[in-house]
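This is what each chain is made of:
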Amino acid sequence: GNRYRCVSINQSYLNVLGVTREQVIGKLHEEVIPEPHFPFLLKQFEQVILTSKPVRFELQFNLPTKQFFLDITITPIIDDAGVCTHLLGSAQDITDLKRADSATQRQLSFAKALNRISEIIIEEENPACIIQSTTDIVGEILGVDRCLIYDISIGTNQAIALSEWLNPNVHDIFPTKATYN
């Protein structure tokens, strides 16, 4: 197969990867790019050479010291004869953007769950059904193994019922003793 050698790299990219210029310049890409990413990147290089068109993609790197996301563009450098002589790779660290997007998606999921609970409270008359439905929704949205919601009697200062949700994907979890619903 084709082998590609790094001929230039900027300081920002070195900083993101946590390597020195000497560890990259003149090295083959398979010596520089961490596994398991090299086979995927090799396919991207070959597509750019075959089509003479740039490709853009996101890639998550998990290094021993950190995890980060890059928005990568690989562009062919074409000579006067129409031959691709080099590949120009540019990468932008989008880790903060990905984390913000993930947090936004989580907040949106929580808001949707609260809307579902609100609808149940409005539509359902049976308190036990309201509590069980709420338990189910909260357990699912939090992604926990188990979710418990107690029905408390303010007058007697006692728990009068317990609603429980068990994660169906967790097979070694058992219902709490004295579950009332």
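Residues numbered from 1 in each chain as written. Predicted model: local features only at pLDDT ≥ 70, side-chain atom pairs only at ≥ 80, totals over all residues. Heavy atoms only, no water.

Caption draft 1: Layout of the environment of leucine 87. Topologically, leucine 87 is positioned in strand β3 (residues 84-93). Leucine 87 sits 35 residues away from serine 52 along the chain, and the two C-alpha atoms are 10.0 Å apart. Discounting residues that sit within four places of it in the chain, leucine 87 has contacts with Tyr4, Phe45, Val48, Ile49, Ile74, Thr75 and Pro76. (Helix = DSSP H or I, 4+ residues; strand = E, 2+ residues; numbered from the N terminus. Contact = heavy atoms within 4.5 Å.)

Caption draft 2: The pattern of salt bridges, seen in detail. Tallied over the entire structure, the rule returns 4 salt bridges. One salt bridge in this structure joins arginine 56 and aspartate 71, with 2.4 Å as the shortest N-O distance. Placement of the pair is arginine 56 in strand β1 (residues 55-62) and aspartate 71 in strand β2 (residues 67-78), with a sequence separation of 15 residues. On the accessibility criterion, aspartate 71 (11% relative accessible area) is buried. Arginine 116 serves as the salt-bridge partner of glutamate 140, at 3.8 Å between the closest nitrogen and oxygen. With a gap of 24 residues between them, glutamate 140 in helix α5 (residues 127-142) and arginine 116 in helix α4 (residues 95-123) connect regions that are remote in the sequence. (Salt bridge = Lys/Arg side-chain N within 4 Å of Asp/Glu carboxyl O. Buried < 20%, exposed > 50% of the residue type's maximum accessible area, 1.4 Å probe, protein only.)

Caption draft 3: Examining the environment of leucine 97 more closely. Relative to the helices and strands, leucine 97 resides in helix α4. When its relative accessible area of 59% is taken as the criterion, leucine 97 is described as exposed. For the pair leucine 97 and lysine 53, spaced 44 residues apart in the sequence, the C-alpha separation amounts to 27 Å.

Caption draft 4: Seen up close, α5. Its 16 residues place the ends of α5 22 Å apart at the C-alpha level, agreeing with the 22 Å of an ideal helix rising 1.5 Å per residue. Every buried residue of α5 is listed here: Ile130, Ile131, Thr134, Thr135, Ile137 and Gly139. If you follow the buried residues of α5, they end up packed against α4, β4 (146-153) and β5 (158-166). Capping the start of α5 is the job of one residue whose side-chain oxygen sits 2.9 Å from the backbone nitrogen of alanine 128: asparagine 126. Phi turns positive, to about 65°, at glycine 143, one or two residues after α5. (Expected span 1.5 Å × (residues − 1). Polar contact = N/O pair within 3.5 Å; in protein donor to acceptor, adjacent residues only side chain to side chain.)

Caption draft 5: The arrangement of the nonpolar core in detail. With 18 residues, the main nonpolar core has Phe57, Phe68, Ile72 and Ile74 as its most contacted residues. Within the residue set of this core, elements represented by two or more residues are α1 (11-17), α3 (38-51), β1 and β2. For this core, the element with the most residues is α3, which contributes 5 residues. In this view, phenylalanine 68 contacts Val16, Leu17, Leu59, Gln60, Phe61, Leu63, Asp93 and Thr95; residues no more than four positions away in its chain are not counted. (Core = buried A, V, L, I, M, F, W, Y, C linked by side-chain atoms within 4.5 Å.)

Caption draft 6: Highlighting a negative patch on the surface. Where like charges cluster on the molecular surface, the negative patch consists of Glu119, Glu123, Glu124 and Glu125. Along the polypeptide, glutamate 124 turns up in the loop between α4 and α5. (Patch = residues over 30% accessible without salt bridge, like charges linked within 9 Å, V, L, I, M, F, W, Y side chains within 5 Å. Areas by Shrake-Rupley, 256 points an atom, 1.4 Å probe, with all protein chains shown as cover. Lys, Arg positive; Asp, Glu negative; His and termini not counted. Charge placed at Lys NZ, Arg CZ, Asp CG, Glu CD.)

Caption draft 7: Main features of the sheet that holds β2. If you walk across this open sheet you meet the 3 strands as β1-β2-β3, and the pairing is antiparallel. If you trace the sheet from one side to the other, it starts and ends with β1 and β3, each paired once. Direction aside, the axes of adjacent strands within the sheet are offset by 30° on average. Pairing of β1 with β2, which is carried by 8 bridges, proceeds in the antiparallel orientation. Bridge pairing in β2 places phenylalanine 61 opposite phenylalanine 68. Sitting on the sheet, α4 is in contact with β1, β2 and β3, with an inclination near 130° to β2. (Pairing = 2+ DSSP bridges. Axes fitted to C-alpha atoms, helices over the stretch in contact; angles between N-to-C directions.)

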